[in-house]
Amino acid sequence: MIAELSSPFLLYGAVGCLLIGMGLYSLALHTHVYRRILAWNALGGGVFLFLGAIAKRNAYGGSSDPLPQALVITGIVVSVSATALALAIARRLQTEERGNGA
Amino acid sequence: MRDRIEIYDVLLVVTLIGAAWRALFGKDAFSATVFFIVYGLLMAMAWVQLDAIDVALAEACVGAGLTGALLIGAVRQFERAPGARALRRTMGLRASIGALSLLALAGLTASLFEIENRRSPVPPLVERSLGDSGSAHPVTAMLLNFRAFDTWLEIGVLLIASLAAISIHRLYDPSPIEGRASTAPTRPRLQIQSQTQPWIMARTLLPLLILVGGAMLWFGSHAPGGAFQSGALIGAAGILLQIAGGRSALRLSSLRTRSLLSLGFSSFWLMAAGALLAGGRILEYPPASAGAAILALEAAATLSIALTLNVMYACSRPWGPEP
Amino acid sequence: MTRDLALTSVLLVPFLGVIGTLLLPERLRRPFSFLVTTLVLAAVGALAVSLRDAFRYEISGWGAPLGIDLHVDGLAVAMLLLTGTVAGAVSAYADGHYRDGSSQKPAAGFWPLFFGLWGSLNALFLVSDLFTMYVCLELMTFSSVALITLAKDAQALRAALTYLMTALTGSLAYLLGVAILYGEMGTLDWTLMSPVPGDDPVAWMALSLMTAGLIMKGALYPLHFWLPGAHAIAPAPVSALLSALVVKAPFFILLRLWVQVWTDAPYASHVLGALGAGAIIWGSFQAIIQERVKLMVAYSTVAQLGYLFLAFPILETAARTADQAARQDAWEGVIYFALSHGVAKASMFLVTGLVVQATKTDDLRSLRGAAAHVPAAVLVWGLAGISLIGLPPSGGFIAKWQLLTSAIRFGLWPYAAVILFGGLLASGYVFRVLWYAFLAPDGSSAPKARVPAVMVLAALFLGTVIVLMGIRTADVFAVLKAGSPFPTVGAP
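Residues numbered from 1 in each chain as written. Chains lettered and ligands numbered in written order. Predicted model: local features only at pLDDT ≥ 70, side-chain atom pairs only at ≥ 80, totals over all residues. Heavy atoms only, no water.

Caption draft 1: Spotlight on the pairing of strand β2 (residues 68-72) of chain C. Residues and elements named next belong to chain C. The buried fraction of β2 is high, at five of five residues. Because side chains alternate across β2, one face comprises the buried residues Ile68, Leu70 and Val72, and the other comprises Asp69 and His71, equally buried. Pairing between strand β1 (residues 55-59) and β2: five bridges, direction antiparallel. By the bridge assignment, Ile59 is partnered in β2 with Ile68. (Buried < 20%, exposed > 50% of the residue type's maximum accessible area, 1.4 Å probe, protein only. Helix = DSSP H or I, 4+ residues; strand = E, 2+ residues; numbered from the N terminus. Pairing = 2+ DSSP bridges.)

Caption draft 2: Fine view of the nonpolar core. Trp47, Phe149 and Trp152 of chain B together with Phe110 and Leu257 of chain C are the most contacted members of the largest nonpolar core, which totals 351 residues. At 21 residues, helix α6 (residues 154-185) of chain C tops the list of elements feeding residues into this core. Two domains each donate at least three residues to this core, and these are domain 1 (1-87) and domain 2 (125-323) of chain B. Residues contacting Phe110 of chain C, with those up to four places away along its chain left out, are Val90, Ala94, Tyr98, Leu147, Leu150 and Val238 of chain C. (Core = buried A, V, L, I, M, F, W, Y, C linked by side-chain atoms within 4.5 Å. Domains from an automatic or database assignment. Contact = heavy atoms within 4.5 Å.)

Caption draft 3: Region of the structure containing the packing of helix α16 (residues 375-389) of chain C against helix α19 (residues 453-471) of chain C. Residues and elements named next belong to chain C. Packing of α16 against α19 leaves a shortest axis separation of 9 Å and a crossing angle of 30°. Between α16 and α19, the interaxial angle falls into the category roughly parallel. Crossing geometry of α16 relative to α19 is assigned as left-handed. Only Val456, Ala459, Leu460, Gly463, Ile466 and Val467 of α19 make contact with α16, whose side of the interface consists of Ala376, Leu379, Val380, Leu383, Ala384 and Ser387. Across the contact of α16 with α19, the residue classes break down as 10 nonpolar, two polar and no charged. (Axes fitted to C-alpha atoms, helices over the stretch in contact; angles between N-to-C directions. Parallel < 35°, antiparallel > 145°, perpendicular 65-115°, else oblique. Left-handed = near helix turned anticlockwise from the far one by under 90°. Nonpolar A, V, L, I, M, F, W, Y, C, P; charged D, E, K, R; others polar.)

Caption draft 4: Summary view of the interface of chain B and chain C. The partner chain C presents 57 residues to the 53 residues of chain B that form the contact. For the chain B and chain C pair, buried surface summed over both sides reaches about 4700 Å², with 73% attributable to carbon and sulfur atoms. Glu58 of chain C is the partner of Arg281 of chain B in a salt bridge, and the nearest nitrogen-oxygen pair spans 4.0 Å. At the surface where chain B touches chain C, the tally comes to 11 residue pairs in polar contact (both at pLDDT 80 or more). Contributions of two or more residues to the side of chain B that touches chain C are made by α5 (91-114), α6 (122-133), α7 (138-146), α8 (148-172), α12 (255-261) and α13 (263-277) of chain B. With 18 residues, the single largest contributor to the side of chain B that touches chain C is α8 of chain B. For the side of chain B that touches chain C, the residue count by class is 30 nonpolar, 11 polar and 12 charged. (Buried area = accessible area lost by both parts, 1.4 Å probe. Salt bridge = Lys/Arg side-chain N within 4 Å of Asp/Glu carboxyl O. Polar contact = N/O pair within 3.5 Å; in protein donor to acceptor, adjacent residues only side chain to side chain.)

Caption draft 5: Spotlight on the packing of helix α3 (residues 74-99) of chain C against helix α11 (residues 248-261) of chain C. Residue and element names in this part refer to chain C. The interhelical angle for the contact between α3 and α11, taken along N-to-C directions, is 170°, at an axis separation of 12 Å. When the axes of α3 and α11 are compared, the pair comes out roughly antiparallel. Residues Leu75, Ala76 and Met79 of α3 pack against Lys248, Phe252, Leu255, Arg256 and Gln260 of α11.

Caption draft 6: Here's a closer look at unusual backbone geometry. Between Ala64 of chain C and Pro65 of chain C the backbone carries a cis peptide bond, its omega angle lying at 5°. Relative to the assigned elements, Pro65 of chain C resides in the loop between β1 and β2. Note that the residue after Pro392 of chain C, namely Pro393 of chain C, is joined by a cis bond; omega there is -5°. Residue position: Pro393 of chain C is located in the loop between α16 and α17 (395-409). At Asp51 of chain B, a residue that is not glycine, the phi angle is positive and equals roughly 60°.

Caption draft 7: Structural context of empty space enclosed by the protein. Scanning the model with the defined rule gives six cavities of 30 Å³ or more in all. Approximately 130 Å³ is the volume attributed to the largest cavity. If you trace the largest cavity, you find it lined by Asn41, Gly44, Gly45, Phe48, Ile76, Ser79 and Val80 of chain A together with Phe36, Tyr39, Glu59, Gly63 and Thr67 of chain B. Mapped by element, the contributors of at least two residues to the lining of the largest cavity are α3 (33-57) and α4 (66-99) of chain A together with α2 (29-49) and α3 (53-78) of chain B. The leading source of residues in the lining of the largest cavity is α3 of chain A, at four residues. Looking at side-chain class alone, the lining of the largest cavity contains five nonpolar, six polar and one charged residues. If you add up the space inside the second largest cavity, you get close to 90 Å³. (1 Å grid on protein atoms, 1.4 Å probe; cavity = no way out; pocket = protein on both sides within 12 Å on 5 of 7 lines; lining within 4 Å. Points joined across faces, edges and corners; volume = space filled by probe spheres on them.)

These results come straight from atomic positions and should not be treated as a statement about function.
The following block contains the structure:
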């Protein structure tokens, strides 16, 4: 059990959980979409780290489980697409609102 | 391969949390963005500690690098908005959201410790199948062979997101001239100013980025690296050019741009249909030609990803002429 | 062989549509999208006809848990049929909608996104890998968001952004649940997980996270706040896709999880049931008081989604009864409700779009005289309304009848009462529209423009399907028998 507790898998997993908690708090508190996009990205980082901890725990023959790693890479690419899409809409929305004198 | 926490891990983790804190709760939107990029880079170092070099590269190139570029490109437009600076919620709401977040945190951490140490059947299966997968590197085999369908859909996500960005840009562009409307965000109003810092930087870094990107693609078949990291690096070269104000060949509505954007997605489609015609299943490659199939898919995907990221960056910059 | 060909075509052909409509020259895009639509419909039809029993297909040839498998059963094929029916009608309607002249630019953007949406839905209903479902959900969400922004309006941008941010938050919750589940089970394939023990706290954490994420994406009350704005502001063909199909995808995953993986959840399922009941009452009241038709239809979606969530306590109780026929009735009723709501809601949005195109407004009062001017639209509205209320002859009647008898049979009286009360409330907003439509036109409200015939035909087609679903019920139920979690032949 002690050996288990000192393994990096738990440390990084716990940090992932902490980042998720912080990201959630920030996401719910911020009203501006830009800050929400930031918070969402940081939250995503926590989720990925959680997956990474599982990959580390499933390590087999000296290397981490490749399946969660592939999932994280996919997740990162989805995140950057989401960020780009959200920013494109938010930016255009702000231009439209300014244009209408808002 | 280490199995114990060392002092370095603790330091890294503490800095990571600190950077995340500043990114999430800092007052100023611009410095929050900078801390977010720092957070991304530290995250890449954390991935190294978890023996996930591919993820570390992807996080550094895509997560911190490109997301960072997108955010930095956009932040100037938002930072003066009142809500972008500080939290504007009442104390009661803060407390209740905080309590909920803490609850989620506690539940998650508890599950992390409770997760049974049941052996996943996947890593041994990977080891057994790696020889027939066409790649000596397990993560590449996972992305381009075992779970290639995921990767195809993910490239579809990138494609749809870039089409969306283009469509929003074109539809809402108030410019009355059709021809200009379609190219406005990427065509710089200024010629290259050869003595500016961005240009000097671009000139130095450009060949390097493309070289490293190409190498990463090539080595990806047997070592960490691959289409996404390589595409991100080559894409970064284009973005640097955009920052430097170089005349970009990007025409959002041209057939060439559309073909190149969809090249990765189309290649996967052809590979899926080709496998069917050859009597196999969707995206099933014979072991003998799997290596070539993977390399072809990765090369096509790299080009598409590089262009997609450029389009996304161009569409996320503040509208109007660049200074 | 035919079966595999049909299956792979269902998966591949929509994505060919994405590529083709993106790259082909302008004049070839219309015939090409017509061809692709026809091919996908033929493939879905062939798959439905050839389906005898549930079967699997290994993408890339590795097989789960290493690779990604398709799991083809009655539920999946029923959802494919719904998607095909609605998407087919929408593609014909959109052809008229975008050929109308006023809006040439959005047409170019519409088709790749439309086929992307269709392809992502088809893939989502077929895969049995929970992570691939996540990627499909993202592909679906991004296509939907982009389609909403085609409305070309600051309000549409705002609605799209709210939807995107909510959906993204939901995805992360779902993804985290999937991560925990992989850690616990060592696989992502739901068919390899079942059955999950009911007393495993980690698995429960995973289920709660996935459920929370999916109900955000699926707009279950009280997380529906993004839906009315997004569904009401989008262009009519897009609204039809969103309300009929897109909100069904998260529900589909929930159905898999709660009925086929976690078979033992007696209390938790009542939480979903209670939220569903809340959705029915709240959504229906909101629909009744709306003054704009599209918002009314959108709130009606909030209410109708509530019925789908009554499924969880009903099916959970069904799983514990010995009466095989009763269990299969409940299962069929739930799926039939999803199908008939999809068709009814799509036709409602399409005819609303017709009226808007004719009168240039969706104010309820401007409907005066619509029965005289666009009788076909009012007829289809009436049929769709009948289905939503749950009157014969319509798919909605059959579905609601099965749900109601199941609720009564299993002694779930409060849900039975809500089902009946919801029907009354639905008649409130349906007849409110019909009331205005049958008023004599006055000078101010006379409809102005004509609408292309193909749009009317698309709406009439869906109206016919509504009626057919009320008559030819057995044909659909035969499909649902394949791989049902509650098999009727052979003792369990």
